[in-house]
Amino acid sequence: FMVVLLTLLCGCTLTAPGYTPDYSVLDSLKRQKLAKIAVEPVLPNDADAAVNKISLRGINSLVSPSGSFAKYLEDAIISDLTDVNLLDQKSSLRLTVMLLKNDLDLSNFSYGFGNIQAQFGINRDGVAVFNKKIAEQTRFESSFVGAVAIPKAQSEYPNLVRALLKALY
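Computed from a predicted model, the values in this text were never measured in an experiment.

A.B. asks: Before we go on, may I ask you to explain empty space enclosed by the protein in this structure?
C.D. replies: To find leftover empty space, one rolls a probe the size of a water molecule over the atoms. Applying the stated rule across the entire model yields 1 cavity of 30 Å³ or more. Lining the largest cavity are Tyr19, Pro21, Asp22, Val25, Leu26, Asp80, Arg162, Leu165, Lys166 and Tyr169. Secondary-structure elements contributing two or more residues to the lining of the largest cavity are helix 2 (23-31) and helix 4 (146-168). Considering only residue class, the lining of the largest cavity consists of 6 nonpolar, no polar and 4 charged.

In structure tokens, the structure reads:
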């Protein structure tokens, strides 16, 4: 009992699960005739930026296996584009991304919410051809009990990133 109590009082750091793509979305991308694109590093690349920190019920934090959530998003995009053979880091078509919001909200005891927002831009030879802010929210079952709510929030993060990328693609 004391070990469990101390663990709950001290909090802990949890790692977000790795990203897995939405294969139905990738299949749709494969069927389109799209130009190959390069991916610039997703910003902000500062690990101390607010969007690169997620707190779960105050004493627990979620961290990215990539070092930052901006890098997690970058890795997800690169993975998707590689899977559909659209990534070419030498392309004159370049994707830029700025992560603006990134949060898992457990304040409602019945449901949790994931919120993410990013500014996406595509430049061709340095000229902007696309610029759009995209925001997505996911909802997942939660609980008053932290031992239930926190792991559910942890496992929700890849779904949140998939929702954002689905809206982009």
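A.B. asks: What exactly am I supposed to notice about the layout of surface pockets here?
C.D. replies: Computed from the structure, the largest pocket encloses a volume of approximately 350 Å³. For the largest pocket, the lining is made up of 14 residues, of which Leu29, Leu34, Ile37, Ile122 and Tyr169 are closest to its centre. Mapped by element, the contributors of at least two residues to the lining of the largest pocket are strand 5 (93-105) and strand 6 (111-124). Split into classes, the residues belonging to the lining of the largest pocket amount to 12 nonpolar, 1 polar and 1 charged.

A.B. asks: Any chance you could explain the sheet that holds strand 6 here in plain terms?
C.D. replies: In sheet architecture, strand pairing relies on hydrogen bonds along the backbone and comes in two forms, parallel and antiparallel. With respect to topology, 4 strands assemble into an open sheet ordered 2-5-6-7, the strand pairing being mixed. Every other strand in the sheet has two partners, leaving strand 2 (38-39) and strand 7 (127-141) as the edge strands with one partner each. Alignment of strand 5 against strand 6, held across 12 bridges, turns out to be antiparallel. Along strand 6, the bridge assignment pairs Met98 with Gln119. The sheet strands contacting helix 3 (residues 69-83) are strand 2, strand 5 and strand 6, and the helix crosses strand 5 at an angle near 130°. Against the sheet, helix 4 contacts strand 5, strand 6 and strand 7, and its axis sits at roughly 145° relative to strand 7.

A.B. asks: Explanation requested: a nonpolar patch on the surface in the structure shown.
C.D. replies: A cluster of nonpolar side chains, Phe109, Phe144, Val145 and Val148, forms an exposed patch at the surface whose accessible area comes to about 390 Å². Tracing the chain through its elements places Val145 in the loop between strand 7 and helix 4. Relative accessible area serves as the criterion here: at 43%, Val145 is assigned to the partly exposed category.

A.B. asks: What's the story with the packing of aromatic side chains in this structure? I'm lost.
C.D. replies: Any aromatic ring pair is given by two values, namely how distant the centres are and how the planes are angled relative to each other. One pass over the full model with this rule turns up 3 aromatic pairs. For the ring pair Phe69 and Tyr157, a centre distance of 4.8 Å and an interplane angle of 55° mean the geometry is tilted. Linking Phe69 in helix 3 with Tyr157 in helix 4, this pair joins segments that are 88 residues apart in sequence. With a relative accessible area of 0%, Phe69 lands in the buried category.

Rules used in this analysis
Residues numbered from 1 in each chain as written. Predicted model: local features only at pLDDT ≥ 70, side-chain atom pairs only at ≥ 80, totals over all residues. Heavy atoms only, no water. 1 Å grid on protein atoms, 1.4 Å probe; cavity = no way out; pocket = protein on both sides within 12 Å on 5 of 7 lines; lining within 4 Å. Points joined across faces, edges and corners; volume = space filled by probe spheres on them. Helix = DSSP H or I, 4+ residues; strand = E, 2+ residues; numbered from the N terminus. Nonpolar A, V, L, I, M, F, W, Y, C, P; charged D, E, K, R; others polar. Pairing = 2+ DSSP bridges. Contact = heavy atoms within 4.5 Å. Axes fitted to C-alpha atoms, helices over the stretch in contact; angles between N-to-C directions. Patch = residues over 30% accessible without salt bridge, like charges linked within 9 Å, V, L, I, M, F, W, Y side chains within 5 Å. Areas by Shrake-Rupley, 256 points an atom, 1.4 Å probe, with all protein chains shown as cover. Salt bridge = Lys/Arg side-chain N within 4 Å of Asp/Glu carboxyl O. Buried < 20%, exposed > 50% of the residue type's maximum accessible area, 1.4 Å probe, protein only. Phe/Tyr/Trp six-rings, centres within 6.5 Å; stacked < 30°, edge-to-face > 60°.

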